[in-house]
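# Coordinates in review
As a plain string of letters, each chain reads:
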Amino acid sequence: MENSLEPKFRHPEKRNRPDNPIQRKPAWIRVKAPTSKDYRETREIVREKKLHTVCEEAACPNIGECWSKKHATMMIMGEICTRACAFCNVTTGKPNALNPMEPFNVAAAVAELGLEHVVITSVDRDDLEDGGADHFAQVITAIHEKTPSTTVEILTPDFKGKTGVLNTVVAAKPDVFNHNLETVPRLYPTIRPGARYFTSLSLLQRVKELDPAMFTKSGIMVGLGETREEVGQVMDDLRAADVDFLTIGQYLQPTPKHAAIDRFVTPEEFEGYAKMARGKGFLLVSSSPLTRSSYHAGDDFRQLRAARQAKLAAAE
């Protein structure tokens, strides 16, 4: 009984929406339940440091694989989001005050897990004057101080386009700045109603203007009703903003109250998107049914850096 009511409590804003039946996943997208010793150890460290992870909050299908390798994506500023995107499993509501010890706790967890590369994301905090930009900067700085050799990738909200706050985050020198467009512009009113496509696109462009050497990254989900032509246009927009790295993954419906899956995109179609994106000039592309923003992020960062070096060498 408790499980059947969970979507209403976790997502009160979706209470009155009609149910969308959850479709059976095709064979190529099923994953095994996590059971390994390293998975359990990662979970214990996360619990001990009182941290939140997007792996759990967003019900990521790759949690077993990633946590078994002691790779966890930290979600800062609490587990309650001020927005209510139709695709997202993170709780919506009124967030708690920021924890001033969180930057140090995150840095300690990164050190204990022995991470060479870490991804830091957050809920949307539209209640904060700077959208949480300074807190992001504090977390990045704390990791740099605790484990200087760890490379830091951030996945940020759009900060509601608040003037000047982006400078604070970029000045903290993350190695990769990621902000996801999530879907094509036509679907924003129903899938991402609290955001604006061109605000997100402008944020990515502004990062490059502030620090041309910083890697930028963005991702979209497919299977929501977008067309191939619309996906191609998003790629063109991202390249016009000089974005380096694109991820494309299958949308998976968290509960019956979330947006329905239009269809399961085949592995062959994902490979077609990858070829299209590479042809448009992205330094790196990850496109597969189980691709997520932070999936294999450490390996991807090494490839990203190598791709840039190769491009620079070819230009000499």
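Above: the structure in question.
Basis of the calculations
Residues numbered from 1 in each chain as written. Predicted model: local features only at pLDDT ≥ 70, side-chain atom pairs only at ≥ 80, totals over all residues. Heavy atoms only, no water. Helix = DSSP H or I, 4+ residues; strand = E, 2+ residues; numbered from the N terminus. Buried < 20%, exposed > 50% of the residue type's maximum accessible area, 1.4 Å probe, protein only. Contact = heavy atoms within 4.5 Å. Areas by Shrake-Rupley, 256 points an atom, 1.4 Å probe, with all protein chains shown as cover. Axes fitted to C-alpha atoms, helices over the stretch in contact; angles between N-to-C directions. Left-handed = near helix turned anticlockwise from the far one by under 90°. Nonpolar A, V, L, I, M, F, W, Y, C, P; charged D, E, K, R; others polar. Parallel < 35°, antiparallel > 145°, perpendicular 65-115°, else oblique. Core = buried A, V, L, I, M, F, W, Y, C linked by side-chain atoms within 4.5 Å. Polar contact = N/O pair within 3.5 Å; in protein donor to acceptor, adjacent residues only side chain to side chain. 1 Å grid on protein atoms, 1.4 Å probe; cavity = no way out; pocket = protein on both sides within 12 Å on 5 of 7 lines; lining within 4 Å. Points joined across faces, edges and corners; volume = space filled by probe spheres on them. Pairing = 2+ DSSP bridges. Right-handed = clockwise from strand over helix to strand, strands pointing away.

### A few points about the overall build of the protein
Within the protein, the regular secondary structure consists of 12 helices and 10 strands. The burial tally for the protein puts 53% of its 316 residues in the buried class. Taking the contacts inside the protein whose residues are at least 6 apart along the sequence as the reference set, 76% of them involve residues at least 24 apart. As displayed, the protein has an accessible area near 14,600 Å², and 52% of this comes from carbon and sulfur atoms.

### Overview of the packing of helix 10 (residues 228–240) against helix 11 (residues 267–279)
In a packed pair of helices, the relevant descriptors are the angle between the two axes and the axis-to-axis distance. Remark: helix 10 packs on helix 11, axes separated minimally by 10 Å, with the N-to-C direction vectors making an angle of 35 degrees. Note on packing geometry: the crossing formed by helix 10 with helix 11 is right-handed. Mapping the contact onto sequence places R228, V231, G232 and M235 in helix 10 and G272, Y273, M276 and A277 in helix 11. Residues belonging to the contact of helix 10 with helix 11 are distributed by class as follows: five nonpolar, two polar and one charged.

### Quick word on the packing of helix 5 (residues 102–113) against helix 6 (residues 133–146)
Helix 6 packs onto helix 5 with a crossing angle of 40 degrees between their chain directions and a minimal axis gap of 8 Å. One way to sum up the angle between helix 5 and helix 6 is to call them oblique. For the pair helix 5 and helix 6, the crossing hand works out as right-handed. Here E102, P103, F104, V106, A107, A108, V110 and A111 of helix 5 come into contact with helix 6, specifically with H135, Q138, V139, A142, I143 and K146.

### What to know about the nonpolar core
Core analysis: the biggest nonpolar cluster contains 39 residues, and L181, V222, M235, L238, I248 and F282 have the highest contact counts within it. When contributions to this core are tallied by element, the ones reaching two or more residues are helix 8 (188–191), helix 9 (197–210), strand 8 (215–222), helix 10, strand 9 (245–250) and helix 11. Ranked by the residues each element gives to this core, the list is headed by helix 11, at five residues. With 35 residues, the next largest nonpolar core counts V90, A133, V169 and F177 among its residues.

### Here's the deal with the environment of D158
Residue position: D158 is located in the loop between strand 6 (151–155) and helix 7 (165–171). For D158 and S200, which are 42 residues apart along the polypeptide, the C-alpha to C-alpha distance reads 5.9 Å. With near-sequence residues (within four places) excluded, D158 lies in contact with R83, D124, H179, A195, T199, S200 and L203. There is a polar contact of 2.8 Å between the side chain of D158 and the backbone nitrogen of K160.

### Section: the layout of surface pockets
Reported here for the second largest pocket is a volume of approximately 220 Å³. Lining the second largest pocket are 15 residues, with G161, K162, L166, L203 and R206 sitting closest to its centre. Counting only elements with at least two residues in the lining of the second largest pocket, the list comes to helix 7 and helix 9. Top contributing element to the lining of the second largest pocket by residue count: helix 9, with six residues. Along the lines of polarity and charge, the residues of the lining of the second largest pocket split into four nonpolar, seven polar and four charged.

### Things to note about the pairing of strand 9
By the criterion of burial, strand 9 is predominantly enclosed, with six of the six residues buried. Both faces of strand 9 are covered, namely the face carrying F245, T247 and G249 and the face carrying L246, I248 and Q250. In this structure, strand 8 lies alongside strand 9, joined through six bridges in parallel fashion. Bridging from a neighbouring strand, M221 pairs with G249 of strand 9. You can see the chain leave strand 9, run along helix 11 and come back into strand 10 (residues 284–287), and the turn it takes is right-handed.

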